[in-house]
Amino acid sequence: MKRAMKMLGALAAAATVAVAVPQSALAAGGVLVVNGTVYENPQGCYESELWPLRVENRTDQPVIIFSGSGCSGEELRVVFPGQHAVAEFGQSVSVPDPNGD
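You'll find the protein chain entered in an unreviewed UniProt entry as Secreted protein, with Streptantibioticus silvisoli given as the organism.

Pasting the structure below:
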């Protein structure tokens, strides 16, 4: 019984820490520009219906251009911090979690 209580206590503590971590901790620091639209401290997936897809990565993390919407399809290119790229067939850009989660 004691072991079960300790396990539950540890799980509760872990859940509390996970909730307490600010959302920005999962974001890249800086600015991502996708076809002229500026995203500060971006995280997740960004889409554009304009072609070609133009990406300026002014963040501290690499981003990935995908051929499909919703960051699906083929990975067309990785754009490293400080770089910009034009992808003729790109539809979306992913900013991976910097913690690798």
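**Student:** Hey, could you run me through the state of the cysteines in this one?
**Tutor:** Simply put, the disulfide is a covalent bond whose two ends are the sulfur atoms of two cysteines. Tallied over the full model, the rule gives one disulfide. In this model Cys45 forms its disulfide with Cys71; the gap between the sulfur atoms is 2.1 Å. Measuring the twist about the S-S bond at about 100°, one finds the Cys45-Cys71 disulfide to be right-handed. Of this pair, Cys45 sits in strand E3 (residues 44–47) while Cys71 sits in the loop between strand E5 (63–66) and strand E6 (75–79), placing them 26 residues apart in sequence. Using a relative accessible area of 35% as the deciding quantity, one classes Cys45 as partly exposed.

**Student:** How should the side chain of Ser48 be read in this particular structure?
**Tutor:** You can see Ser48 is positioned in the loop between E3 and strand E4 (53–59). A distance of 3.2 Å separates a polar side-chain atom of Ser48 from the backbone nitrogen of Leu50. Leave out the neighbours within four places in its chain, and Ser48 touches Val34, Asn35, Leu53 and Gln91.

**Student:** Which parts of the structure should I look at to understand the sheet that holds strand E8 (residues 92–95)?
**Tutor:** By way of backbone hydrogen bonds, the strands of a sheet pair with one another, either parallel or antiparallel. A sheet is described by the order of its strands in space; here four strands give the open sequence E3-E8-E5-E6, paired in antiparallel fashion. Strands at the two margins of the open sheet, each flanked by one partner only, are E3 and E6. Within the sheet, the average angular offset between the axes of one strand and its neighbour, ignoring direction, is 25°. Relative to E8, E3 runs antiparallel, the two sharing four bridges. Within E8, the residue paired with Glu47 across the bridge is Ser92.

Scoring rules and cut-offs
Residues numbered from 1 in each chain as written. Predicted model: local features only at pLDDT ≥ 70, side-chain atom pairs only at ≥ 80, totals over all residues. Heavy atoms only, no water. Disulfide = S-S within 2.5 Å. Helix = DSSP H or I, 4+ residues; strand = E, 2+ residues; numbered from the N terminus. Buried < 20%, exposed > 50% of the residue type's maximum accessible area, 1.4 Å probe, protein only. Polar contact = N/O pair within 3.5 Å; in protein donor to acceptor, adjacent residues only side chain to side chain. Contact = heavy atoms within 4.5 Å. Pairing = 2+ DSSP bridges. Axes fitted to C-alpha atoms, helices over the stretch in contact; angles between N-to-C directions.

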